[in-house]
Structure formats: C-alpha cells, structure tokens
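# Chains, contacts and geometry: an overview
The primary structure of each chain is shown beneath.
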Amino acid sequence: MRVGGAERKTKETEVRVKINLDGAGRVRVDTPIKFFNHLLTSFAKHGCFDLDINARGDFPHHISEDTMIVLGEAVERALGKKAGIECMGDAIVPMDDALVMVAVDLSGRAFPDIEVRFTKRKLDDLSSDLVTHLLQTLATNGKFNLHVKVLRGKNDHHKAEAIFKGLGVALGKAVRRAPRKGVPSTKGVL
Ligand SMILES: [Mn+2]
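Residues numbered from 1 in each chain as written. Predicted model: local features only at pLDDT ≥ 70, side-chain atom pairs only at ≥ 80, totals over all residues. Heavy atoms only, no water.

### Remarks on the side chain of Asp50
Here Asp50 shows up in strand S4 (residues 50–57). On the accessibility criterion, Asp50 (13% relative accessible area) is buried. In terms of polar contacts, Asp50 uses its side chain to reach the backbone amide nitrogen of Gly25, at 3.4 Å. Not counting the four nearest positions on each side in its chain, Asp50 is found in contact with Lys18, Ile19, Asn20, Gly23, Ala24, Gly25 and Arg26. (Helix = DSSP H or I, 4+ residues; strand = E, 2+ residues; numbered from the N terminus. Buried < 20%, exposed > 50% of the residue type's maximum accessible area, 1.4 Å probe, protein only. Polar contact = N/O pair within 3.5 Å; in protein donor to acceptor, adjacent residues only side chain to side chain. Contact = heavy atoms within 4.5 Å.)

This is the structure:
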C-alpha cells in the first residue's frame, strides 16, 4: 500500500492529511468548508484513494489553501521513488452541461496551467476564485504537471465538481502500477 501523510500547524491553520493511493474510495474529509469537502470527496472517490483530512483554522482561504499544500506533500510522499507507475494520466469528464479536461504528469516538476472561469462569486460556501488557486497550490506542492481546461459548461457547481472528479480519475491513472515501465523517464530517474 502506498500511503503518505503530512501535517502543518501554523498560527492560522492546523491541517492533517493521510492518503492511500491503493485505496478504495474510503473518504473522511473534515473541514469547515462544505463545498470544499464535497470537491475533495469527489476527487478521492473517483481516484479510488482512501483519504483522511482534518483541517481547522481562521479563514476559508487559509484553511483550503493549507489543505492543498499538505495534500500535495502527502501525495508526493505516498509516491516515493515513483518507479513502475504510469506517471501520466488524463480524463475528460462531463457533468451535465460541463465538460472538463484534466491531465497530469508526475514529473517532479511543479507546473499548473488552470483554465476555468466562473460566473458566480461563490460556489455555495467556497469563493469561486479559490478553485484555480487551490489547484495551482496542489500541483506546486505535489511537484507535478497539472493542466485543467473547462471545454464547455454554464453551471459553476458542475464545472467545479467535474474538475475535481477529473483530477481524481487522471491522478488515479497516473499512479497506476506499470512494472514494465521501470522508472518512467528516459532520464532513468525522476
Ligand atoms: Mn492564498
């Protein structure tokens, strides 16, 4: 089982994350931001990860951002040396009117490219401007390439949920074991 855990305690927030990449979608996400919990639960469910998150703090921006920092670190720890995995993964995910593309490469290089626009300021209790910020934070701290593009869609809730489902599917594919690949780079090291 590839399990990674990380913690962070500052004057603003206290966050604990544990992820099992070889899990079965057993999820317990406990933050004060309901819509954020919903997005992370979708992510873990569709990646078939076991995910245990507990986060508290002062403001939703700090709590959600620090959770993504710690989640990125936990994913990186769970991956270890990354030998014998697919390394790349992608997903095109519809959710009614929304259609979203997500692609990841667990390259060790932090490179987020997130293209989404929301019409509403809030996604229930999460500020919509945080979605891009949170995805950037995850890719930066997990040290992977993350491309997200919303191809179609009107409903903001559907767009956001399709992104996090796609993130789960794409990351789930990227971490899948591929023993014949060895180290998944022509450099011989990642
Ligand atoms: Mn911030």
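### Some details on the coordination of the manganese ion
Donor atoms from the polypeptide that bind the manganese ion are His61 (NE2), Glu65 (OE) and His133 (NE2), placed at 2.1 to 2.3 Å. Here the donor residues of the manganese ion share one chain and are spaced in sequence as H-x3-E-x67-H. Of this pair, His61 and Glu65 both sit in helix H2 (residues 60–79), separated by 4 residues, roughly a single helical turn. (Donors = N, O, S within 2.8 Å, 3.2 Å for Na, K, Ca; no water.)

### Side note on the sheet that holds strand S10 (residues 145–152)
Overall, mixed pairing links the 4 strands, which are arranged S5-S6-S10-S7 in an open sheet. With partners counted over all chains shown, the strands left at the sheet margins are strand S5 (88–95) and strand S7 (111–115), one partner each. The average angle at which neighbouring strand axes cross in this sheet is 10 degrees, direction not considered. Set on the sheet, helix H3 (residues 129–142) makes contact with S7 and S10; between it and S7 the angle comes to about 160 degrees. Against the sheet, helix H4 (residues 156–174) contacts S5, strand S6 (98–105) and S10, and its axis sits at roughly 150 degrees relative to S5. (Pairing = 2+ DSSP bridges. Axes fitted to C-alpha atoms, helices over the stretch in contact; angles between N-to-C directions.)

### With respect to helix H1 (residues 34–47)
Look at H1: 20 Å from first C-alpha to last across 14 residues, which is about the 20 Å you get at 1.5 Å a residue. Taken residue by residue, H1 has Phe35, Phe36, Asn37, Leu39, Leu40, Ser42, Phe43, Ala44 and Gly47 as its buried positions. Downstream of H1 by one or two residues, Cys48 has phi in the positive range, about 55 degrees. (Expected span 1.5 Å × (residues − 1).)

### With respect to the pairing of S10
As judged from the 7 bridges shared by S6 and S10, these two strands associate in the antiparallel manner. For Val102, the partnering residue across the bridge sits in S10 and is Val148. Pairing between S7 and S10: 5 bridges, direction parallel. Residue pairing in the sheet places Pro112 in a bridge with Leu146 of S10.

### Quick look at unusual backbone geometry
Non-glycine residue Asp96 carries a positive phi angle of around 55 degrees. Positionally, Asp96 belongs in the loop between S5 and S6. Asp96 gets classed as exposed once you look at its relative accessible area, which sits at 68%. Despite not being glycine, Lys143 has its phi angle at roughly 55 degrees, a positive value.

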